[in-house]
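# Close look at the chain arrangement
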Protein chains: 2
Amino acid sequence: MNKLIVIKIGGNVIDDPAALKRFLTAFASLPGSKLLVHGGGKVATQVAGKLGIETTMVEGRRITDQPMLDVVTMVYGGLVNKQIVAKLQALDVNAIGITGADAGTILAHKRPVKDIDYGMVGDIEEVNSGQIQFFLRQDLTPVFAPITYSAAGDLLNTNADTMASAIAVDMVLHNEVTLVYCFEKKGVLANPEDDNSVIAELTPAVYAEYKAAGTINKGMIPKLDNAFRALEKGVAKVIICHADDVCSAVEQGAGTTLKLS
Amino acid sequence: MNKLIVIKIGGNVIDDPAALKRFLTAFASLPGSKLLVHGGGKVATQVAGKLGIETTMVEGRRITDQPMLDVVTMVYGGLVNKQIVAKLQALDVNAIGITGADAGTILAHKRPVKDIDYGMVGDIEEVNSGQIQFFLRQDLTPVFAPITYSAAGDLLNTNADTMASAIAVDMVLHNEVTLVYCFEKKGVLANPEDDNSVIAELTPAVYAEYKAAGTINKGMIPKLDNAFRALEKGVAKVIICHADDVCSAVEQGAGTTLKLS
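Residues numbered from 1 in each chain as written. Chains lettered and ligands numbered in written order. Predicted model: local features only at pLDDT ≥ 70, side-chain atom pairs only at ≥ 80, totals over all residues. Heavy atoms only, no water.

### Some details on the overall build of chain A
From N to C terminus, chain A includes 9 helices and 14 strands. The C-alpha atoms of chain A give 17 Å as radius of gyration, which agrees with the globular expectation for 261 residues (18 Å, within 12%). Expressed along its principal axes, the backbone C-alpha trace of chain A runs to roughly 45 × 45 × 35 Å. Sequence separation of at least 24 residues holds for 68% of the intrachain contacts in chain A that already meet a minimum separation of 6. Here chain A carries 24 positive and 29 negative side-chain charges, and the mean point of each set is 2 Å from the other. (Helix = DSSP H or I, 4+ residues; strand = E, 2+ residues; numbered from the N terminus. Rg over C-alpha atoms; globule rule 2.2 N^0.38 Å. Contact = heavy atoms within 4.5 Å. Lys, Arg positive; Asp, Glu negative; His and termini not counted. Charge placed at Lys NZ, Arg CZ, Asp CG, Glu CD.)

Shown next as structure tokens:
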């Protein structure tokens, strides 16, 4: 079966040009089929500020009214996405930068209002894995900005971690999938104070213990919940590592590898 | 031979949501293979202004320093492009919004400095018509933002008229191509004061007369020069018309049709 690596990079890499360059060079060197999902970083907040649009975050999620959606579409879908694509092209990776709206790759619906009105935020309905596979077969490397669309033709801001997980799960139809979350630490830490206390393997049972002890904190919980769900749905391997370690994580097991048992 | 319609819309359509909606509905109804190239409109200048970046135009062309390139990438490559794509998806057109950097579709180089330093502006070197044809064969409708890239991995601001013409010319390899420039008039006018004085057919000889008489003005000259070059290089038909008339122009000859003789 064809192997596919789905990698998500977050804002900390995007906000640091030197780190982004290192990451993209490493990404370009990974053999075989791969695709990238990127987050946004601070640029959206900075641009919004200069445009006089206030940023409101609830539990790490951006409240997205129409003006903020426009900013997100500009910054994630335009600036960040196209800069990554042009840099990958120069590294001989035939990248194609898209949102979920492009080629109908990821359909979503506006998140229903419960306690919080997140605004123009999308919950994923369907990943068109056939379309993504068709790009991969042509040696194209999709680079996804964290934006989806609704059947009514609205763009929707969508969490990049969730998007990477949803893509990985759907691509299981065609591939043996490895999902890699790159972030600012070397992996999931047993001791948040010690950057070298990386947990090499994490099972749901061990995860539950760390959660109960409070060692694994708020921001990590949705990331790990997403990651374990991906494993349950057939993703072969999930790795959480530093962006600088992406090659050694994929090839030699650096970072934290999640396992079902 | 397969027929392909290449349509360019300018800023006047993009700046007017109602006009854009009418155009996209008409575009969606056109049968067969088609692709869209869009300009930018005033949003880039507005966003640049709010971000404290000054806009300098020389003979209708935007001087593009790095901060302005970032704005253009955000607004053209992000906001405008993705809004069009999402709206086309809702109209059952499987649109894919790209720049020249995506899938390596349009390679350019930075314009050499002669009298004027245009900055990060691209002159097109090569259109990858095979890649574009491959999208069309999969019933995808490419929507191009007027941005290209260099081999060194820089994004470059590129005139949308020139881009449409270059794409049309290269697609001649695979298709019988009609190139349509939509703008704010009903066609090329014999009398600039009379919106109904549309010249139904324009040959190089007649064009030369109108140019000599000063009837055809500055902004139209590069557009028409581009258009005649496209005909010389094998494009079957070039039409200049109002965005509202795109269907009748393609199907019944509204607007101005350019002919070599």
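### A short note on the relation of the copies chain B and chain A
The two copies are related by a screw operation: chain B maps onto chain A through 180 degrees of rotation and 0.0 Å of translation along the axis, at an RMSD of 0.0 Å. Here the copies are linked by what is in effect a two-fold axis. Using C-alpha coordinates, one finds that chain B approaches the rotation axis most closely at B:Gly78, a distance of 1.8 Å. When you check the interface residues of chain B against chain A, 97% turn up at the interface there too, and the contact is symmetric in its surfaces. (Least-squares fit on C-alpha atoms with pLDDT ≥ 70 in both.)

### Remarks on the UniProt feature "binding site: substrate" (unreviewed entry) in chain A
Residues and elements named next belong to chain A. Under the present numbering, the feature "binding site: substrate" (unreviewed entry) in UniProt falls on Gly 40, Gly 41, Arg 62 and Asn 157. Taken together, the annotated residues stretch across 118 residues yet fold into one region, lying no more than 13.6 Å apart by C-alpha. Relative to the elements of secondary structure, Arg 62 occurs in strand β4 (residues 61–62). Residue classification places Arg 62 among the buried positions, given a relative accessible area of 10%. Among all residues touching Arg 62, those that are not within four sequence positions of it are Gly 41, Ala 44, Thr 45, Thr 55, Thr 56, Met 57, Met 68, Val 72, Tyr 76, Tyr 118, Val 121 and Asn 157. At a separation of 3.0 Å, a polar atom in the side chain of Arg 62 contacts the side chain of Thr 45. (UniProt positions renumbered as here; feature names shortened; annotations may be inferred. Buried < 20%, exposed > 50% of the residue type's maximum accessible area, 1.4 Å probe, protein only. Polar contact = N/O pair within 3.5 Å; in protein donor to acceptor, adjacent residues only side chain to side chain.)

### Brief notes about the UniProt feature "domain: Aspartate/glutamate/uridylate kinase" (unreviewed entry) in chain A
The UniProt feature table records "domain: Aspartate/glutamate/uridylate kinase" (unreviewed entry) at residues 3–241 of chain A. Taken end to end, residues 3–241 of chain A is 39% helix and 24% strand, and its first and last C-alpha atoms sit 20 Å apart.

### So, the nonpolar core
Counting 100 residues, the largest nonpolar core has A:Ile7, A:Phe23, A:Val71, B:Ile7, B:Phe23 and B:Val71 as the members making the most contacts within it. Beyond its immediate chain neighbours, meaning those up to four positions away, A:Val71 contacts A:Ala44, A:Val47, A:Ala48, A:Leu51 and A:Ile53. By size, the runner-up hydrophobic cluster in this structure holds 84 residues, among which are A:Val127, A:Ala166, B:Leu35 and B:Ala164. (Core = buried A, V, L, I, M, F, W, Y, C linked by side-chain atoms within 4.5 Å.)

### Some words on the packing of aromatic side chains
Under the criterion given, the structure shown has 8 aromatic pairs over all chains. On the numbers, 5.6 Å between centres and 40 degrees between planes, the contact of B:Phe134 with B:Phe135 is tilted. The buried category is assigned to B:Phe135, whose relative accessible area is 0%. Both rings, one in B:Tyr207 and one in B:Phe228, keep their centres 5.3 Å apart while their planes meet at 25 degrees; by these two values the pair is stacked. Here the residue B:Tyr207 occupies a position in helix α7 (residues 204–213), and B:Phe228 occupies one in helix α8 (residues 220–232), the gap between them amounting to 21 residues. In this structure, B:Tyr207 and B:Phe228 share a single accessibility class: buried. Among the aromatic residues, ring-to-ring pairing joins A:Phe134, A:Phe135, B:Phe134 and B:Phe135 into one connected group. When the ring centre of B:Phe27 is taken as origin, the NZ or CZ atom of B:Lys34, which lies over that ring, is 5.2 Å away. The cationic tip of B:Arg111 hangs over the ring face of B:Tyr118; the distance from NZ or CZ to the ring centre is 4.7 Å. (Phe/Tyr/Trp six-rings, centres within 6.5 Å; stacked < 30°, edge-to-face > 60°. Lys NZ or Arg CZ within 6 Å of the ring centre and 35° of its normal.)

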